[in-house]
Amino acid sequence: MPEIIKVDKVHKIYRVGETLVHALAGVSMQVARGEFVAITGPSGSGKSTLLNMLAGLEPVTAGEIIIGGQHIESMNENELVRFRRENIGFIFQSYNLIPTMTAEENVAISLMFRGESRSLRLEKARKMLALVGLSDRAQNKPSQMSGGQQQRVGIARALVVNPKIIFADEPTGNLDSKSGAEVIALIKKVVREQKQTVVMVTHDLALAQQADRIIYIKDGRIVKQETTTKD
Ligand SMILES: Nc1ncnc2c1ncn2[C@@H]1O[C@H](COP(=O)(O)OP(=O)(O)OP(=O)(O)O)[C@@H](O)[C@H]1O
Ligand SMILES: [Mg+2]
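Just so it is clear, the model here is predicted, and its values are computed rather than measured.

So, how was this worked out
Residues numbered from 1 in each chain as written. Chains lettered and ligands numbered in written order. Predicted model: local features only at pLDDT ≥ 70, side-chain atom pairs only at ≥ 80, totals over all residues. Heavy atoms only, no water. Near = heavy atom within 4 Å. Polar contact = N/O pair within 3.5 Å; in protein donor to acceptor, adjacent residues only side chain to side chain. Areas by Shrake-Rupley, 256 points an atom, 1.4 Å probe, with all protein chains shown as cover. Helix = DSSP H or I, 4+ residues; strand = E, 2+ residues; numbered from the N terminus. Nonpolar A, V, L, I, M, F, W, Y, C, P; charged D, E, K, R; others polar. Pairing = 2+ DSSP bridges. Axes fitted to C-alpha atoms, helices over the stretch in contact; angles between N-to-C directions. Contact = heavy atoms within 4.5 Å. Buried < 20%, exposed > 50% of the residue type's maximum accessible area, 1.4 Å probe, protein only. Lys, Arg positive; Asp, Glu negative; His and termini not counted. Salt bridge = Lys/Arg side-chain N within 4 Å of Asp/Glu carboxyl O. Phe/Tyr/Trp six-rings, centres within 6.5 Å; stacked < 30°, edge-to-face > 60°.

Caption draft 1: Structural context of the site of ligand 1. Around ligand 1, a shell composed of Tyr-14, Val-16, Val-21, Ala-23, Pro-42, Ser-43, Gly-44, Ser-45, Gly-46, Lys-47, Ser-48 and Thr-49 is seen. Between Ser-48 and ligand 1, the recorded distance is 2.9 Å, taken from a side-chain N or O atom to an oxygen atom. Protein contacts shield 60% of the accessible area of ligand 1, which totals 640 Å² for the unbound molecule. Put simply, the parts of the chain that give the shell around ligand 1 at least two residues each are β1 (3-16), β2 (19-32) and α1 (47-54). Counting residues per element, the shell around ligand 1 draws most heavily on α1, which supplies three residues. Among the residues making up the shell around ligand 1, the classes are represented as five nonpolar, six polar and one charged.

Caption draft 2: Expanded view of the sheet that holds strand β7 (residues 165-169). Reading across the sheet, the six strands line up as β6-β7-β8-β3-β9-β10 and stay open at both edges, with mixed pairing between neighbours. If you trace the sheet from one side to the other, it starts and ends with β6 (88-91) and β10 (221-227), each paired once. For this sheet, the mean angle separating the axes of adjacent strands, direction not counted, is 20°. Alignment of strand β9 (residues 213-218) against β10, held across six bridges, turns out to be antiparallel. Residue pairing across strands places Ile-215 opposite Gln-225, the latter belonging to β10. Relative to the sheet, α1 contacts β3 (36-40), β7, β8 (197-201) and β9, its axis offset from that of β7 by approximately 155°.

Caption draft 3: Here's a closer look at the side chain of Glu-170. Within the secondary structure, Glu-170 is located in the loop between β7 and α6 (177-194). No salt bridge forms around the buried Glu-170; measuring N to O, its nearest opposite-charge neighbour Lys-47 is 5.0 Å away. Separated by 3.0 Å, the side chains of Glu-170 and His-203 make a polar contact. Not counting the four nearest positions on each side in its chain, Glu-170 is found in contact with Lys-47, Gln-93, Val-201, Thr-202 and His-203.

Caption draft 4: Inspection of the pattern of salt bridges at higher detail. Tallying each qualifying case throughout the model produces 12 salt bridges. Between Arg-213 and Glu-35 there is a salt bridge, with the nearest N and O atoms lying 2.8 Å from each other. Placement of Arg-213 in strand β9 and of Glu-35 in the loop between β2 and β3 is noted, with a sequence separation of 178 residues between them. Owing to a relative accessible area of 12%, Arg-213 belongs among the buried residues under this scheme. For Arg-192, the salt bridge is made with Asp-212, and the minimal N-O distance between the two is 3.0 Å. You can see Arg-192 sitting in helix α6 and its partner Asp-212 sitting in the loop between α7 (205-208) and β9, a full 20 residues away along the chain.

Caption draft 5: Seen up close, the packing of aromatic side chains. All told, the structure shown has two aromatic pairs when counted by the stated rule. Both rings, one in Phe-90 and one in Phe-167, keep their centres 6.4 Å apart while their planes meet at 35°; by these two values the pair is tilted. Here Phe-90 is found in strand β6, whereas its partner Phe-167 is found in strand β7, with 77 residues between them in sequence. Given a relative accessible area of 1%, Phe-167 falls into the buried group.

Laid out in structure tokens, this is it:
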């Protein structure tokens, strides 16, 4: 299977005062194009750190990260900004929606910097909101929507640019288990339609089971990987 993400012996050491924290201690893994991978493990095990390294949000201390054939670890900040804009979508636990903007404006904002007209951006935003089941909430501000709906706006915002890879860190963290399962089902549906690759961090094993593969991490190391059985 052709891999889109290749991680080779990545280390991340944080220094706080005199203390060194070895957050990642030699992580190697691969993700195939179109695959949906979940990363799970205890609090403080290095899940978010790994995702941030993959997305080029923070530098690695050692090791290599190759995405779509490009070495992330050796890019400078300008190259990283462009790489992220062209290839990557993020879904966070906190939705980070702009409170004064409507749902469609919050989604359309992802399409700034592309030289598209405002009307085209809003049209694409409305299409994506329809895909996440929010056609009738396009004019609502975040405060006028439920948590699950706000999360779906966040997903629409991440996906509207049609990124090749989606990184999601606890995307259902603020939701009850039923809404959480719905959000995962939705991410799965959209990324299958758009043939995208997903790496999702979750501490919820039931949600991780929705992925094609689960990577278990503990103390900054991968301790187990398993392919999920599908019914
Ligand atoms: N910016 C930072 N500076 C210093 N230490 C950090 C920093 N970020 C994370 N760490 C440390 O690195 C380790 C891994 O943190 P990380 O956030 O990756 O854990 P996690 O698996 O995502 O946990 P959680 O499930 O609680 O979100 C922890 O010991 C944490 O204290
Ligand atoms: Mg985390």
